[in-house]
Amino acid sequence: ALAALDAAPAFDSSRGKVGINQDRHNRVLIWTRATVLRDMGDAQGALALLEKSAPGALEHEFDRNSYSGRLSLVLCGVGRYAEGVKLLSASLAREEQKPHHPGNPWLAADLAYLGLCQLHAGHRAAALAMAAKARVAFLAQPDVSPYFKASLADLERALRLRLPPI
């Protein structure tokens, strides 16, 4: 994945519209690299990339939410649990207000990630609630990629729950 990102071209800045992220495409590549680093266990490297590539306040809501979701997971990954929980909770609250399929795997995975972060922050009851919500979502669409369901498996294992795999 990193080799593919290394081979991606740099994009010229967009011009003409006020308030748009003129370097959006380049930032998406940086955010994707940060996600890959996080998935490889390099949360510090991911955090360094994300801290240098934040979208502006006037940029599209989708980009701001995508960034905050990624940043929150990385904050939890580096042990900054309170910050990660706060940011991911706010991001998920915004996302849950939008219409979604009940088995949306992105949302379900983030619910489980939030639960993991809450558990590490010492909030077991909140983590149990997120595990239950994520499980319901995955049961609504059980054939999604194991990549999405990994966060729930990790959360349920950390909570020492003995539930059948989805």
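What this report covers is the structure whose coordinates are included nearby. (Residues numbered from 1 in each chain as written. Predicted model: local features only at pLDDT ≥ 70, side-chain atom pairs only at ≥ 80, totals over all residues. Heavy atoms only, no water.)

Note that Ala127 resides in helix H7 (residues 124-140). Placed 28 residues apart in sequence, Ala127 and Leu155 show a C-alpha to C-alpha distance of 8.0 Å. In this structure Ala127 touches Gly115, Gln118, Leu119, Leu155 and Leu159, once residues within four positions along its chain are discounted. (Helix = DSSP H or I, 4+ residues; strand = E, 2+ residues; numbered from the N terminus. Contact = heavy atoms within 4.5 Å.)

Another point: the pattern of salt bridges. Two side chains carrying opposite charge are able to pair once their charged atoms lie near each other. The final tally for this structure, using the stated rule, is 7 salt bridges. Across the salt bridge formed by Glu95 and Lys98, the nearest N and O atoms sit 3.0 Å from each other. For Arg157, the salt bridge goes to Asp154, with nearest N and O atoms at 2.6 Å. Taken together, the positions of Arg157 and Asp154, both in helix H8 (residues 146-158) and 3 residues apart, correspond to about one turn of that helix. Of the residues examined, Asp154 reaches a relative accessible area of 34% and is grouped as partly exposed. Sharing partners across several salt bridges, the network here consists of Glu51, Arg80 and Glu83. (Salt bridge = Lys/Arg side-chain N within 4 Å of Asp/Glu carboxyl O. Buried < 20%, exposed > 50% of the residue type's maximum accessible area, 1.4 Å probe, protein only.)

Applying the stated criterion across every chain yields a total of 3 aromatic pairs. Here Trp106 and Phe148 contribute two aromatic rings whose centre-to-centre distance is 4.8 Å and whose plane-to-plane angle is 80 degrees, an arrangement assigned as edge-to-face. In this pair, Trp106 is assigned in helix H6 (residues 105-120) and Phe148 in helix H8, connecting sequence segments 42 residues apart. For Phe148, a relative accessible area of 14% translates into the label buried. Between Tyr147 and Phe148, the aromatic rings sit 5.7 Å apart at their centres with planes inclined by 80 degrees, giving edge-to-face as the arrangement. Looking at Tyr147, the relative accessible area reads 42%, which means it is partly exposed. Among the aromatic residues, those joined into a cluster by ring pairs are Trp106, Tyr147 and Phe148. Lying across the ring of Tyr113, Arg38 places its NZ or CZ 5.1 Å from the centre. (Phe/Tyr/Trp six-rings, centres within 6.5 Å; stacked < 30°, edge-to-face > 60°. Lys NZ or Arg CZ within 6 Å of the ring centre and 35° of its normal.)

Counting through the fold element by element, Glu156 comes out in helix H8. Glu156 gets classed as buried once you look at its relative accessible area, which sits at 8%.

The next subject is the packing of helix H2 (residues 24-39) against helix H3 (residues 43-51). Where H2 meets H3, the closest approach of the two axes is 8 Å, and the angle between their N-to-C directions is 165 degrees. One way to sum up the angle between H2 and H3 is to call them roughly antiparallel. Along this stretch, H2 crosses H3, giving a crossing that reads as left-handed. On the side of H2, the interface is formed by Ile30, Trp31, Arg33, Ala34, Leu37 and Arg38, while H3 contributes Gly45, Ala46, Leu49 and Leu50. For the contact of H2 with H3, the per-class residue count stands at 7 nonpolar, 1 polar and 2 charged. (Axes fitted to C-alpha atoms, helices over the stretch in contact; angles between N-to-C directions. Parallel < 35°, antiparallel > 145°, perpendicular 65-115°, else oblique. Left-handed = near helix turned anticlockwise from the far one by under 90°. Nonpolar A, V, L, I, M, F, W, Y, C, P; charged D, E, K, R; others polar.)

Taken as a whole and judged by the stated rule, the model has 1 disulfide. Between the sulfur of Cys76 and that of Cys117 lies a disulfide, 1.7 Å long from S to S. Here Cys76 and Cys117 share a disulfide; its torsion about the S-S bond, -85 degrees, makes the bridge left-handed. In this pair, Cys76 is assigned in helix H4 (residues 61-77) and Cys117 in helix H6, connecting sequence segments 41 residues apart. Here Cys76 matches Cys117 in class, with each residue buried. (Disulfide = S-S within 2.5 Å.)

This part is about the nonpolar core. Formed by 25 residues in total, the largest nonpolar core has its most connected members in Leu92, Leu114, Phe138, Leu152, Leu155 and Leu159. Residue assignment for this core shows that the elements contributing at least two residues are H4, helix H5 (81-96), H6, H7 and H8. Among the elements that line this core, the one with the most residues is H6, at 9 residues. In this view, Leu114 contacts Val85, Leu88, Ser89, Leu92 and Met130; residues no more than four positions away in its chain are not counted. (Core = buried A, V, L, I, M, F, W, Y, C linked by side-chain atoms within 4.5 Å.)

Note that every value here comes from positions in space, so none of it alone points to a role or purpose.
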